[in-house]
Amino acid sequence: MNRLIRDFEVLREELKKALEEQGNIDFSQVRLETPVPWPNKLLAFPVNYHDHATEMASTGLANIQGFFLKANSSLSGAGEPIELPDLPGRPVHHECELGVVIGKAGRQIPVEHALEHVFGYACLIDVTVRGREERVMRKSYDTFTPVGPWIVTADEIGDPGALDMKLWVGDELRQHANTRDLIVSLPEMIAVASSAATLHPGDIIATGTPAGVGPIEDGDSVRIAIERVGEMTVRVVRGALGRNVVFEKPYEFKRAGTQGGQS
């Protein structure tokens with residue numbers, strides 16, 4: 001898939017011809033996996049909406065802290081469930097995000113040319129174990145980064161800086177925001193990330209979540225919808241793996257304005 005993304009413009013007509021000759025496959029006949037199963041990097045920007053910063057009582061904004069990495073093995077697709085780890089006393093939360101898929105390699109990419117390096121966009125749910133331990137570990141459990149249901153190429157989206165996005169748990173609307181409210185914009189994220197690390201075709205950037213994060217439990221369904229990108233619904237199931245010494249202590253999630261706070 002990384003090579004297909006890299007060579008997409010060369011292969012576009014061949015792919016179009018194959019689609020016309022072979023026809024479509026009904027979604028009921030397939031299981032949708034993550035569109036890019038093994039990117040070189042899965043990057044994420046923390047606290048990238050002011051309302052989420054207020055919600056979390058956090059001063060570690062994306063324009064101050066920069067990006068972090070999630071394990072590539074945390075990726076899953078629209079046809080796969082989120083598996084909750086066996087961590088008694090630890091809430092696990094959803095985060096509604098736009099996924100940006102890099103199409104053209106680059107280092108120290110200037111902001112004004114950043115979107116030229118984007119292949120496309122996808123819905124992305126950043127799942128996290130709440131606590132004060134290292135963010136990378138809390139967000140790297142298997143199935144903790146559902147991406148999908150597909151990639152919409154950049155030419156189909158237009159301006160990615162004004163996309164409406166929503167997330168429901170069951171019938172409850174938990175999150176609703178627009179990418180125009182990002183603290184660090186999409187072009188700026190690409191510029192920042194590429195200043196430190198060469199971006200490669202297939203790399204995924206998780207752009208940050210707005211306010212409204214909350215717990216998910218066994219049996220829940222999580223639906224994410226992003227304007228012009230698509231929507232997907234993933235089930236939540238209880239897993240049997242994941243317990244370790246790092247998360248032995250229980251953690252009580254408290255929003256801003258209550259004693260304790262969280263990060």
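Draft legend 1. Seen up close, the sheet that holds strand S4 (residues 82–84). The 5 strands lie next to each other as S4-S15-S14-S10-S11, forming an open sheet whose pairing is mixed. In this open sheet, the two strands that pair with only one neighbour each are S4 and strand S11 (172–178). When the angles between neighbouring strand axes are averaged without regard to direction, this sheet yields 20 degrees.

Draft legend 2. Main features of the packing of aromatic side chains. If you walk through the whole model with that rule in mind, you get 5 aromatic pairs. Ring centres of Phe45 and Phe67 lie 6.1 Å apart, and the angle between their planes is 55 degrees; on these two criteria the pair is classed as tilted. Placement of the pair is Phe45 in the loop between strand S1 (42–44) and helix H3 (50–56) and Phe67 in the loop between helix H4 (62–65) and strand S2 (68–69), with a sequence separation of 22 residues. By relative accessible area, which is 3% here, Phe45 ends up buried. A centroid spacing of 5.5 Å and a plane angle of 50 degrees characterise the contact between Tyr141 and Phe144, whose relative ring orientation is tilted.

Draft legend 3. Geometry of the side chain of Asn72. Looking at the element boundaries, Asn72 is found in the loop between S2 and strand S3 (75–76). Judged by its relative accessible area of 13%, Asn72 falls in the buried class. Other than its neighbours up to four places away in sequence, Asn72 contacts Trp38, Pro39, Asn40, Lys41 and Leu42.

Draft legend 4. Region of interest: the pairing of strand S14 (residues 221–226). Sheet topology note: the strand S10 (residues 164–169)/S14 ladder contains 5 bridges and is antiparallel. Pairing of Lys166 across the sheet is with Ala225, part of S14. Pairing of S14 with strand S15 (residues 230–238) involves 6 bridges; the strand directions are antiparallel. For Arg223, the partnering residue across the bridge sits in S15 and is Thr233. Taken together, S14 and the strand that follows it, S15, pair antiparallel across an intervening segment of 3 residues, in which Arg228 is found at a positive phi of about 70 degrees.

Draft legend 5. Summary view of the sheet that holds strand S12 (residues 204–206). With mixed pairing, 7 strands are arranged side by side in an open sheet as S2-S1-S12-S6-S7-S9-S3. Looking along the sheet, the strands with just one partner apiece sit at the ends: S2 and S3. Relative to S12, strand S6 (residues 96–102) runs antiparallel, the two being bridged by 3 bridges. Pairing of Val100 across the sheet is with Ile205, part of S12. Contacts from helix H7 (residues 186–196) reach S1, S6, strand S7 (118–125) and S12, with the element oriented near 60 degrees to S6.

Reading guide: rules and limits
- Residues numbered from 1 in each chain as written.
- Predicted model: local features only at pLDDT ≥ 70, side-chain atom pairs only at ≥ 80, totals over all residues.
- Heavy atoms only, no water.
- Pairing = 2+ DSSP bridges.
- Helix = DSSP H or I, 4+ residues; strand = E, 2+ residues; numbered from the N terminus.
- Axes fitted to C-alpha atoms, helices over the stretch in contact; angles between N-to-C directions.
- Phe/Tyr/Trp six-rings, centres within 6.5 Å; stacked < 30°, edge-to-face > 60°.
- Buried < 20%, exposed > 50% of the residue type's maximum accessible area, 1.4 Å probe, protein only.
- Contact = heavy atoms within 4.5 Å.

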